[in-house]
Amino acid sequence: MEKKQIFCGICSTGCPMDVYVEDGKVVSVEGRVENGKSRGLCSKGAASKQYLYNEERILYPMKRVGERGSGEFERISWEEAYDLIVENLNRVKEQYGAKSVVFYAGYPKWYRPALLRFANAFESPNFCTESSTCFQASDLAWKSVYGNGICFPDLAHTKTLLLWTSNLFHSNTPMGKMYRSLKERGVKIIAVDPRNTVTVKEADIHLKITPGTDGALALAMAHVIIEENLYDKEFVEKYVHGFEEYKNYVRKFPPEKVQEITGADADLIREAARLYAGNKPSGIQFSVSTIVHHINGFQNYRAVFCLIALTGNYDIEGGNRSRPGPTSPCNEFGKVIRYNEEEAIGEKDFPVWFDLPCQEAQCTRLADYILEEDPYPLKAVFAMGLNHRMWPQPEHLQKALGTLDFYVNTELFWSDSSKMADLVLPACTTFEREEVKALRGGMFALNQRAVEPVGEAKNDIEIIIELARRMQLKDKVLTGGYESYMNYILEPSGLTLEDLRSHPAGMRGKVIFPPRERTYEDEPFHTLSGKVEFSSLVLEKYKESRGYDPLPVYKDFREQDQVDRKEYPLILNTGARKPQFFHARMYRLPWLSGLETNPMVEIHPDDGKTYGIADGDPVKVTSPAGEMQGTAVYSITGNPGVVYIYHGNKKGEANNLIDRNYLDPYTGFPGYKSYFCKIEKQAEVTGNAVSTEI
Ligand SMILES: Nc1nc2c(c(=O)[nH]1)N[C@H]1C(S)=C(S)[C@@H](COP(=O)(O)OP(=O)(O)OC[C@H]3O[C@@H](n4cnc5c(=O)[nH]c(N)nc54)[C@H](O)[C@@H]3O)O[C@H]1N2
Ligand SMILES: Nc1nc2c(c(=O)[nH]1)N[C@H]1C(S)=C(S)[C@@H](COP(=O)(O)OP(=O)(O)OC[C@H]3O[C@@H](n4cnc5c(=O)[nH]c(N)nc54)[C@H](O)[C@@H]3O)O[C@H]1N2
Ligand code: SF4
Ligand SMILES: [Mo]
């Protein structure tokens, strides 16, 4: 048996993994063993043999022969597959223009720079990703205040950590250890979360709010900080634009009023504000996407971000730092650039995406753009990891994809999204491919192949490079071949692919960014005013035309007029991460799906009593957008009035319940975490719910 060292590739955390291989097959995996001790893996990583050898893996390039969506395909060669793609994409480009081809990447991040480069070289402005519903809105909210990319907390030096929503024991398991080490160091922790999670349990203060009310809470904290003169006057005077308007606005949010809005106790809000502003340096640990999964999410997050500048915790040791330490970048890794100036999809609907700027198109409304040929006909989709279940009302997207001239999906699995394609290409997992990993502290490593790919699966970057070559695109980096592309990516680090191949433990790259703080003393903020914008000049531009407010205003999602609350009295919160699931991907792994054989609909026992539903009852959940079935599970972690369901499950899809037009008007993000529903007991489990066992 041979032991190989790789990095788990199921989520972006990339935990180091030891893989035991016998006769060319993985027989077991464990977290990297160092000094006789394993670093451990989460439940998904531990089950990854069932991921690699899943019976739903796509083994060969497959061409559709039956009706769209029927799942009838025939095996073709890679040669034929490449020819088909070149022919179809070029045909659409000639007939309708390059912009009629959409390039799309699902959750995986590692091949995005190459895919974007491919879209650019093809001359389409339409490169988009799953981040139309993920990190991008958080990043835009940050940029609207500070101009640059998000500054993370300097955890090594912070004295107070404001954990604004992250159940990191579930969503970023390795961070759990860091969190415990903070506790041991005596760091004070304030957690904001509607539920008593494993993470929240260890905090000093828990602000237990109703989902989607984060903005009101942040404004109340600002109210206390300003009223009690706890803010950093010098920083605010010198570096903040719009402080007076902001100060007047936050006066409307005294803690007692905000207790009514959020459900968090007014005294605790005061205590948290004093601790965050007083026990400095303080850092805010962000949520990747939870805060922006609401129709008021962008403004809510702006309100949270303003607290950093208000208290002078911006870019200082122990605060939110612009750069955590010495790093050397990879070319284009983490800074994808859109070169094409043509109108991209989503640009008309959500202009701040492009003003702030964001380097990708906004595709939450992709289905409508395809079906309505708005803003222009979209005829082909070249996708890598497209999973329609991530969108609200996913069947609408399936329908739209079914009307395209050409749709190709490169995937690991025969998902329903793959079955809708004209051509399906088999992708590799990290066990089967080479991948550059930029690690902490300026280290680089190469994830090396542990086993040969299943069937004829290929590395996504190799597929892109080969297509670019065959299309004779005018981009030397892409058409120069795989090795040359990988060396280009590595160039700034001073390392080569060969260096990394011969040093499996990794190598240190050149230090390009030495650690700095208070960067604003030397260079203005990258906003229109050159200052931190509590009142955003980019939003100001759209005040008349779109009704955008330059201040981080709070608008309560419950005051919407789209849904009749008498009919749908409960708040629906979907997608709070569970350790064993990853969107739609993990339900096909028996070890993991066995932990929840039927979709769990978490309700508070009080609501159970009100609606005559017992723990374990089969239930139907209905919203104005659709319905799903699952099993009611009593949970006292949240407050009454809110229902929690995870998404991506074929047996009962929570995204069927979210209206595809229920979007944040600034960013186009769906209100996944504050829509409305009702629940009813089912006489028996029907439809796609197959078992009542939990
Ligand atoms: N196991 C697992 N890990 C994952 C993923 C996965 O699918 N599975 N997905 C990854 C992805 S794509 C992302 S974007 C990140 C997301 O990561 P984050 O955005 O950091 O979110 P979570 O850590 O899931 O935090 C969820 C917590 O938010 C609380 N919450 C729900 N609604 C609200 C609200 O309106 N306000 C506040 N303040 N809190 C709220 C929930 O109770 C829950 O405890 O996770 C990543 N990690
Ligand atoms: N209701 C609700 N919906 C949500 C969310 C929520 O909280 N609630 N969260 C949203 C968020 S934050 C996100 S990020 C999205 C995530 O949504 P998705 O992008 O759908 O995420 P995944 O299912 O993890 O990955 C997409 C596909 O990529 C494939 N894949 C994995 N690795 C590779 C690879 O190396 N190559 C190729 N070619 N394919 C690969 C997987 O098999 C999978 O089918 O979902 C969003 N949808
Ligand atoms: S957190 Fe889990 S799924 Fe993500 S890389 Fe680590 S072991 Fe893999
Ligand atoms: Mo995400």
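Since we're looking at a predicted model, the values are computed, not measured.

What follows is about the overall build of the protein chain. What the protein chain contains, in helices and strands, is 25 helices and 29 strands. Here the C-alpha radius of gyration of the protein chain, 25 Å, is about what a compact globule of 694 residues would show, namely 26 Å. Each principal axis of the C-alpha distribution contributes one length, and for the protein chain these read about 70 × 65 × 60 Å. Out of the 694 residues in the protein chain, the part that is buried amounts to 61%. As presented, the protein chain carries roughly 26,600 Å² of accessible surface, and 48% of it is formed by carbon and sulfur atoms. For the protein chain, the distance from the average position of its 83 positive side-chain charges to the average position of its 95 negative side-chain charges is 3 Å.

Quick look at the site of ligand 3 now. In the region of ligand 3, the neighbouring residues are C8, I10, C11, G14, C15, L41, C42, K44 and G45. Using a 2 Å cut-off from the grid points, one finds that ligand 3 occupies the largest cavity. Along the lines of polarity and charge, the residues of the shell around ligand 3 split into six nonpolar, two polar and one charged.

Close contacts around ligand 1 come from 33 residues, with T165, S171, D214, F581 and Y646 the closest. Between ligand 1 and S287, the relevant distance is 3.0 Å, taken from an oxygen atom to a side-chain nitrogen or oxygen of the residue. Burial of ligand 1 by the surrounding chains reaches 97%, relative to a free accessible area of 920 Å². Counted by class, the shell around ligand 1 contains 13 nonpolar, 13 polar and seven charged residues. For the shell around ligand 1, the two domains that each supply at least three residues are domain 3 (150-310) and domain 4 (557-692).

Under the definition given, this model contains seven cavities of 30 Å³ or more. Considered class by class, the residues forming the lining of the largest cavity number seven nonpolar, six polar and one charged. For the lining of the largest cavity, the two domains that each supply at least three residues are domain 1 (2-52) and domain 3 (150-310). Estimates place the volume of the second largest cavity at around 80 Å³. T364, R365, L366, A367, D368, W391, P392, Q393, H396, L397 and R660 together form the lining of the second largest cavity. Of all the secondary structure elements, the ones that give two or more residues to the lining of the second largest cavity are α15 (366-371) and α16 (394-401). Top contributing element to the lining of the second largest cavity by residue count: α15, with three residues. Along the lines of polarity and charge, the residues of the lining of the second largest cavity split into five nonpolar, three polar and three charged.

With that settled, consider the pairing of strand β20 (residues 435-438). Both faces of the sheet carry side chains from a regular strand, because those side chains alternate between them. In this structure, β20 lies alongside strand β21 (residues 443-447), joined through four bridges in antiparallel fashion. Opposite V436, over in β21, you have L446 as the bridge partner. Where β20 folds back on β21, the antiparallel hairpin that results is connected by four residues, among which G441 adopts a positive phi of roughly 70°.

A word on the packing of helix α3 (residues 78-96) against helix α18 (residues 460-471). In contact at an axis separation of 10 Å, α3 and α18 are set at 60° when each is read in the N-to-C sense. Considered as vectors, α3 and α18 are oriented oblique to each other. Like other packed secondary-structure pairs, α3 and α18 cross with a definite hand, here right-handed. Packed against α3, whose contacting residues are W78, E79, Y82, D83, I85, V86, L89 and N90, the element α18 presents E462, I463, E466, L467, R470 and M471 at the interface. Here the residues of the contact of α3 with α18 sort into eight nonpolar, one polar and five charged.

This paragraph deals with the UniProt feature "domain: 4Fe-4S Mo/W bis-MGD-type" (unreviewed entry) in the protein chain. The UniProt record annotates "domain: 4Fe-4S Mo/W bis-MGD-type" (unreviewed entry) at residues 1-56. What you have in residues 1-56 is 16% helix and 43% strand, and the ends, taken at the C-alpha atoms, are 27 Å apart.

Our next topic: the sheet that holds strand β1 (residues 2-7). Strands in a sheet are paired, the pairing made by backbone hydrogen bonds, and the direction either parallel or antiparallel. Spatially, three strands are ordered β1-β2-β3 in an open sheet, and the strand pairing comes out antiparallel. Strands at the two margins of the open sheet, each flanked by one partner only, are β1 and β3 (25-31). When the angles between neighbouring strand axes are averaged without regard to direction, this sheet yields 30°. For strand β2 (residues 16-22) and β3, the ladder comprises six bridges, and the chain directions are antiparallel. Paired with V21 across the strands is V26, a residue of β3.

Here we take up the packing of aromatic side chains. Summed over the entire model, instances satisfying the criterion amount to 41 aromatic pairs. When the ring of Y239 is compared with that of Y520, the centres are 4.7 Å apart and the planes differ by 65°; the resulting orientation is edge-to-face. Residue Y239 is located in helix α9 (residues 233-239), and its partner Y520 is located in the loop between β22 (507-508) and β23 (532-533); the two are separated by 281 residues in the primary sequence. For Y520, a relative accessible area of 9% puts it in the buried group. Aromatic pair Y675 and F676: ring centres 5.9 Å apart, planes at 45°, arrangement tilted.

Before going further, it helps to spend a moment on the side chain of N598. Here N598 is to be found in the loop between α24 (590-593) and β25 (600-603). The buried category is assigned to N598, whose relative accessible area is 0%. A polar atom in the side chain of N598 sits 2.6 Å from the side chain of T631.

With that settled, the discussion passes to unusual backbone geometry. K280 connects to P281 through a cis peptide bond whose omega is 0°. Assignment of secondary structure puts P281 in the loop between α12 (266-278) and β15 (282-285). A cis amide bond links D374 to the next residue, P375, at an omega of 10°. Positive phi, close to 45°, is recorded for R518, a residue that is not glycine. Inspection of the secondary structure assignment puts R518 in the loop between β22 and β23. Even without being glycine, H583 reaches a positive phi, approximately 50°.

Computed from the structure, the second largest pocket encloses a volume of approximately 420 Å³. Along the wall of the second largest pocket there are 20 residues; nearest its centre are I295, N296, K555, P665 and Y666. When grouped by side-chain class, the residues that make up the lining of the second largest pocket number seven nonpolar, six polar and seven charged. Per-domain counts for the lining of the second largest pocket show at least three residues from each of domain 3 (150-310) and domain 4 (557-692).

Basis of the calculations
Residues numbered from 1 in each chain as written. Chains lettered and ligands numbered in written order. Predicted model: local features only at pLDDT ≥ 70, side-chain atom pairs only at ≥ 80, totals over all residues. Heavy atoms only, no water. Helix = DSSP H or I, 4+ residues; strand = E, 2+ residues; numbered from the N terminus. Rg over C-alpha atoms; globule rule 2.2 N^0.38 Å. Buried < 20%, exposed > 50% of the residue type's maximum accessible area, 1.4 Å probe, protein only. Areas by Shrake-Rupley, 256 points an atom, 1.4 Å probe, with all protein chains shown as cover. Lys, Arg positive; Asp, Glu negative; His and termini not counted. Charge placed at Lys NZ, Arg CZ, Asp CG, Glu CD. Near = heavy atom within 4 Å. 1 Å grid on protein atoms, 1.4 Å probe; cavity = no way out; pocket = protein on both sides within 12 Å on 5 of 7 lines; lining within 4 Å. Sits in = over half its atoms within 2 Å of the grid points. Nonpolar A, V, L, I, M, F, W, Y, C, P; charged D, E, K, R; others polar. Polar contact = N/O pair within 3.5 Å; in protein donor to acceptor, adjacent residues only side chain to side chain. Domains from an automatic or database assignment. Points joined across faces, edges and corners; volume = space filled by probe spheres on them. Pairing = 2+ DSSP bridges. Axes fitted to C-alpha atoms, helices over the stretch in contact; angles between N-to-C directions. Parallel < 35°, antiparallel > 145°, perpendicular 65-115°, else oblique. Left-handed = near helix turned anticlockwise from the far one by under 90°. Contact = heavy atoms within 4.5 Å. UniProt positions renumbered as here; feature names shortened; annotations may be inferred. Phe/Tyr/Trp six-rings, centres within 6.5 Å; stacked < 30°, edge-to-face > 60°.

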